[in-house]
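Okay, here's what each chain looks like letter by letter:
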Amino acid sequence: MIPFEYRRAEDTDSAVTAVAADPRAVFLAGGTNLVDHLKLGITAPDELVDVTDLPLDAIEDTPEGGLRIGATVRNSDLAASPPVRERYRALSLALLSGASGQLRNRATTGGNLLQRTRCPYFQEITTPCNKRSPGTGCSALHGHNKNHAVLGASDSCVATHPSDMAVAMAALDGTVHVRSDRGERTIPVTELHRLPGEQPHRDTVLERGELITAVDLPPLPTGTYTAYRKVRERASYAFALVSVAAVLRVDNGVIDDVRLAFGGLAHKPWRAETVEERLRGATPAESTFREAAEAELSAARALADNAFKIPLARNTLGAVLRDLTTEAAR
Ligand SMILES: Cc1cc2nc3c(=O)[nH]c(=O)nc-3n(C[C@H](O)[C@H](O)[C@H](O)COP(=O)(O)OP(=O)(O)OC[C@H]3O[C@@H](n4cnc5c(N)ncnc54)[C@H](O)[C@@H]3O)c2cc1C
Ligand code: SF4
């Protein structure tokens, strides 16, 4: 056992000051990812600053008609909250598709966004892994890579980002609020996570000591439908092979707003901007969905074990669009 200090932060200022003061201190939220990493020897901070008592646990309407979700709101509370179920159904579905009831009762909004990859080599500290130990190599590139990325990967890392919630928030155009001893800033959810490039040890654009305080979701125009579909190996308690979050509005038989994100395909939630461009202004049709998906996925590069993800992503996207446009037409 490697010793570490534990501190329960009482206010946000003292939490960010404590982490700023010690380069080996980290924030602790539900602990469902971080504590596993301590046990596996993936990380060894010398201080854990527990943020779960901070007054960041509210789900509130914003003046613009959107929703502000505090960083310490538990995943189960967020999935069950009436405004999320009624106005942002994709987010509730995404949360309920993740982990198990017990884990969702502990896991928080901030921690879920910042959970790390489930690449098995990252979790096994005896193997080379550029994300865990920069410069050691990537065991997955020519190893077992069925669950790995087909979009935006590099030779340094082919890991996927595991969060279902983040995929829904990316399609919903969420904005992350962060705070540190240097002040506050906002980051679109779509820009929070990084592609691996040559620095796969950096999962996000956050700087050391930055605390996520909330996520804002903008209001959705009347008549907007949202969905989340996750394809996995078991009916529950499994990470996505492929997932799709969709936000769609049809007006007079024409798609006038569409926002789509894939999970399970890349190192970050993957906004399907090519599909969006092709569908905006189009009449819903199977052939249009398929051509748009194929245009997006023409950039996909399969590894030895994961070529199946490309047609799976195309078909899952097609099914989600078919369901949503049918619902919108009723
Ligand atoms: C068996 C199992 C199955 C799972 N299945 C799924 C699944 O299907 N889908 C899915 O999406 N997830 C799944 N998860 C992951 C789970 O959702 C995450 O572990 C959880 O969301 C992490 O939240 P937490 O609050 O426990 O974070 P913690 O473990 O406390 O923290 C995670 C990271 O975030 C940092 N952090 C936490 N809060 C903040 C903050 N406010 N600001 C800055 N940094 C912060 C911590 O320092 C740490 O680095 C699974 C987990 C397990 C163990
Ligand atoms: S894919 Fe990324 S996380 Fe997995 S072994 Fe390679 S470098 Fe490590």
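Overview of the structure. (Residues numbered from 1 in each chain as written. Chains lettered and ligands numbered in written order. Predicted model: local features only at pLDDT ≥ 70, side-chain atom pairs only at ≥ 80, totals over all residues. Heavy atoms only, no water.)

1. Focus on the environment of Ala 246
No. 1: Within the secondary structure, Ala 246 is located in strand β10 (residues 242-251).
No. 2: Residue Ala 246 is classed as buried on the basis of its relative accessible area, which comes to 1%.
No. 3: Along the sequence, Ala 246 and Leu 317 sit 71 residues apart, while their C-alpha atoms lie 8.7 Å from each other.
No. 4: The contact partners of Ala 246, leaving out residues within four places of it in the chain, are Ala 90, Tyr 225, Thr 226, Ala 227, Arg 259, Leu 260, Val 320 and Leu 324. (Helix = DSSP H or I, 4+ residues; strand = E, 2+ residues; numbered from the N terminus. Buried < 20%, exposed > 50% of the residue type's maximum accessible area, 1.4 Å probe, protein only. Contact = heavy atoms within 4.5 Å.)

2. Side note on the side chain of Glu 276
No. 1: With respect to the helices, strands and loops of the structure, Glu 276 is situated in helix α11 (residues 273-279).
No. 2: At a separation of 2.8 Å, a polar atom in the side chain of Glu 276 contacts the main-chain amide nitrogen of Leu 260.
No. 3: If sequence neighbours within four positions are ignored, Glu 276 has contacts with Val 258, Arg 259, Leu 260 and Arg 271. (Polar contact = N/O pair within 3.5 Å; in protein donor to acceptor, adjacent residues only side chain to side chain.)

3. As for the packing of helix α12 (residues 286-297) against helix α13 (residues 309-329)
No. 1: Two elements in contact, α12 and α13, have axes separated by 9 Å at closest approach and are oriented at 140 degrees. Read as a crossing pair, α12 and α13 show a hand that is right-handed. Where α12 approaches α13, its residues Glu 286, Phe 289, Arg 290, Ala 293, Glu 294 and Leu 297 are matched on the opposing element by Ile 310, Ala 313, Arg 314, Leu 317, Gly 318, Leu 321, Arg 322 and Thr 325.
No. 2: Residues belonging to the contact of α12 with α13 are distributed by class as follows: seven nonpolar, two polar and five charged. (Axes fitted to C-alpha atoms, helices over the stretch in contact; angles between N-to-C directions. Left-handed = near helix turned anticlockwise from the far one by under 90°. Nonpolar A, V, L, I, M, F, W, Y, C, P; charged D, E, K, R; others polar.)

4. What to know about a nonpolar patch on the surface
No. 1: A contiguous nonpolar patch, built from Met 1, Phe 4 and Tyr 6 and spanning about 390 Å² of accessible area, is present on the exposed surface.
No. 2: You can call Phe 4 partly exposed: its relative accessible area is 32%. (Patch = residues over 30% accessible without salt bridge, like charges linked within 9 Å, V, L, I, M, F, W, Y side chains within 5 Å. Areas by Shrake-Rupley, 256 points an atom, 1.4 Å probe, with all protein chains shown as cover. Salt bridge = Lys/Arg side-chain N within 4 Å of Asp/Glu carboxyl O.)

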